[in-house]
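Residue strings, one per chain:
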Amino acid sequence: MTRSDLRRAWAVAWKDLLTERRAKAAFNAMTFFAGLTLFTFGFAIGPDSPGGGEGRLLEQLAPGLLWIAILFAGVLAVDRSFQLEAERGGLEALRLYPGDRKAIYFGKLLANLVVMVALEVVLLPIAAVLYSLDLWPGLPALAAVVGLATLGFAAMGTFYAALTVHLRARQVLLPLLLFPMLIPVVIAAVKASTLALHGDPMHEFGSWMRLLGAADLLFLTVCARAFEFVLED
Amino acid sequence: MAQRLGIDRLGWLAGMLAIPALVFGLYLAVVWAPTDAMMGTVQRIMYVHFPSWIATAIAYLTAFVCSLSYLVRRRPTMDYLAHAGVEVGVVFNTTGLITGSIWGRPTWGVWWTWDPRLTTTALMLVVFLGYLAVRAFLEEPDARARISSLVAVVGFLNLPIVYYSVRWWRTLHQPQSSPSTVDPEIVVALRVMMIAFALIAAYLISRRYALAQLEGDRERMELQPEVQGG
């Protein structure tokens, strides 16, 4: 990617983030939905259900529930990132952009990444409160997990959101296509988060982070390369 | 036209060979091969279960290669072949999962375990069902071919990562089961069944491809008056 490609990517990202910041409605709705999901899990599982080892079931399941909530809200985020343009014909303009299509991919990716991290920054304290988690001791490790996992999610999510932008049953097909691809990220994120929050006696955290890193690398490479085929037509 | 005849002819050949192979294989599997000492007659499901996966692998690999080829060269025949591969693959994927589940129930006591291979193959099914779902919602042939090819390629490339992550997930605290030494007669029966299933898969793919070709031709003919008349 050349310098002008980087500038193009930045332009796309900046435009998206500016739009998002001005019309906060979508971000607020998405965050509210994610928080509500966390809240609903509390009712579904029950705060009094006994866990196997120490602590209640809800506390033990907390990392998994958190990532499910992020997954669901994240689908809304990436879907939206192309819908605004699809509705108003902006996709034609994007298609006509000269230069490497990868720039558009990375620009959208960056915008989605920022939105999702903002979502997670709000969601983590909520999860900590609802599920009685102590975030402070493992915070750096947790931040690393959230960062890498969100990158993987955004990489795949941006790609599939662009792929399904014109499909009639987009709302259903996007999660249908996206979730199987994200299984490695979900597995690693939940495992690593649990280790970060509840202790890592056997030093497995590094292995999971390496898996996340490898998955991210693969996703970014394949999706960036394939993106030029997505925006045709 | 020449292309069509080539795959057609090979397909018919595979089909012709598949019948005796299957008959012979079933005889070997059900009658000739010895009963497994540990698992008993239930083990004989393996003769259908394992070859299903060979067929699945052949079909999905066809789909992957043809999807890749379509993205590069844009020849509709590659799209038809990829579609055929996915459909046949989905069928054998399902039979593999079902026979595995049936085998697992008396053997392990459960219909499902989250073991790496099982989980990965179930995920494979979901990915390629997604391929078929995407195709169902796109009427325009070029867009449909392009987008579904991308789904097939990216989905396929992700499978190794899925497998390894599930394996890590499941075996960090559990010992991996080791393969037992297998009676040579069982291996013979298994191999014949594998060949039979591979031939069946090739035959089915060629037939589905021929159908896809006909459907594609008809679609193009339907679209043409719309383009010319308008």
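One numbering rule holds for all chains: residues counted from 1, following each sequence as written. Each chain is given a letter, starting from A, and each ligand a number, starting from 1, according to the order in which they appear as written. Residue-level local features of this predicted model are given only where pLDDT is at least 70; pairs of side-chain atoms are given and counted only at 80 or more, and the full residue set underlies all totals for whole chains, interfaces and linings.

Numbering of helices and strands runs from the N terminus, with a helix taken as a DSSP run of H or I at least four residues long and a strand as a DSSP run of E at least two residues long. Within chain A one finds 8 helices and 0 strands. N-terminal to C-terminal, the α/β element order of chain A is α-α-α-α-α-α-α-α. The atom set for the radius of gyration is the C-alpha atoms, and the globule formula is 2.2 Å times the number of residues raised to the power 0.38. In summary, chain A has a C-alpha radius of gyration of 18 Å against a globular reference of 17 Å for 233 residues, a match within 12%. Each principal axis of the C-alpha atoms in chain A carries an extent, and together these give about 60 × 35 × 30 Å. Out of the 233 residues belonging to chain A, those deemed buried represent 45%. Any residue pair is listed as a contact if its two C-beta atoms, each placed from the backbone, are within 7 Å. The long-range share in chain A, meaning contacts at least 24 apart out of those at least 6 apart in sequence, stands at 80%. With C-beta atoms placed from the backbone, a residue is buried if 20 or more other C-beta atoms are within 10 Å of its own, exposed if 12 or fewer are, and partly exposed between those counts.

Residue-level contacts link 26 residues of chain A with 26 residues of chain B. Within the residue set of the side of chain A that touches chain B, elements represented by two or more residues are helix H7 (170-198) and helix H8 (205-230) of chain A. Tallying contributions element by element places H7 of chain A first for the side of chain A that touches chain B, with 10 residues. Residues of the side of chain A that touches chain B, tallied by class, amount to 20 nonpolar, 1 polar and 5 charged. Gly is placed with the polar residues, together with every amino acid not listed as nonpolar (Ala, Val, Leu, Ile, Met, Phe, Trp, Tyr, Cys and Pro) or charged (Asp, Glu, Lys and Arg).

Reading fine detail from the predicted coordinates is not recommended where pLDDT is low. Across chain A, pLDDT averages 89, with 99% of residues at or above 70. Within chain A, helix H4 (residues 90-96) of chain A has the poorest average pLDDT of any element, 80, and helix H6 (residues 139-163) of chain A the best, 95. On a range of 0 to 100, pLDDT expresses the predictor's confidence in each residue.

With that out of the way, let us pick up the confidence of the model for chain B. Residue and element names in this part refer to chain B. For chain B, the average pLDDT comes to 86, and 91% of its residues sit at 70 or higher. Helix H1 (residues 2-32) is the least confidently modelled element of chain B, averaging 82 in pLDDT, while helix H2 (residues 46-73) averages 93, the highest of any element. A low-confidence stretch, residues 174-178 (pLDDT under 50), is modelled with 1 contact involving residues beyond four sequence positions or located in other chains.

By size, the foremost hydrophobic cluster in this structure holds 140 residues, and its most contacted members are Met156, Ala189, Ala192 and Leu212 of chain A together with Ala201 of chain B. Here this core takes 17 residues from H7 of chain A, the largest share from any one element. Among all residues touching Ala201 of chain B, those that are not within four sequence positions of it are Ala55, Ile58, Ala59, Val88 and Phe92 of chain B. In these notes, a nonpolar core means any group of buried Ala, Val, Leu, Ile, Met, Phe, Trp, Tyr and Cys residues linked to one another through C-beta atoms within 7 Å.

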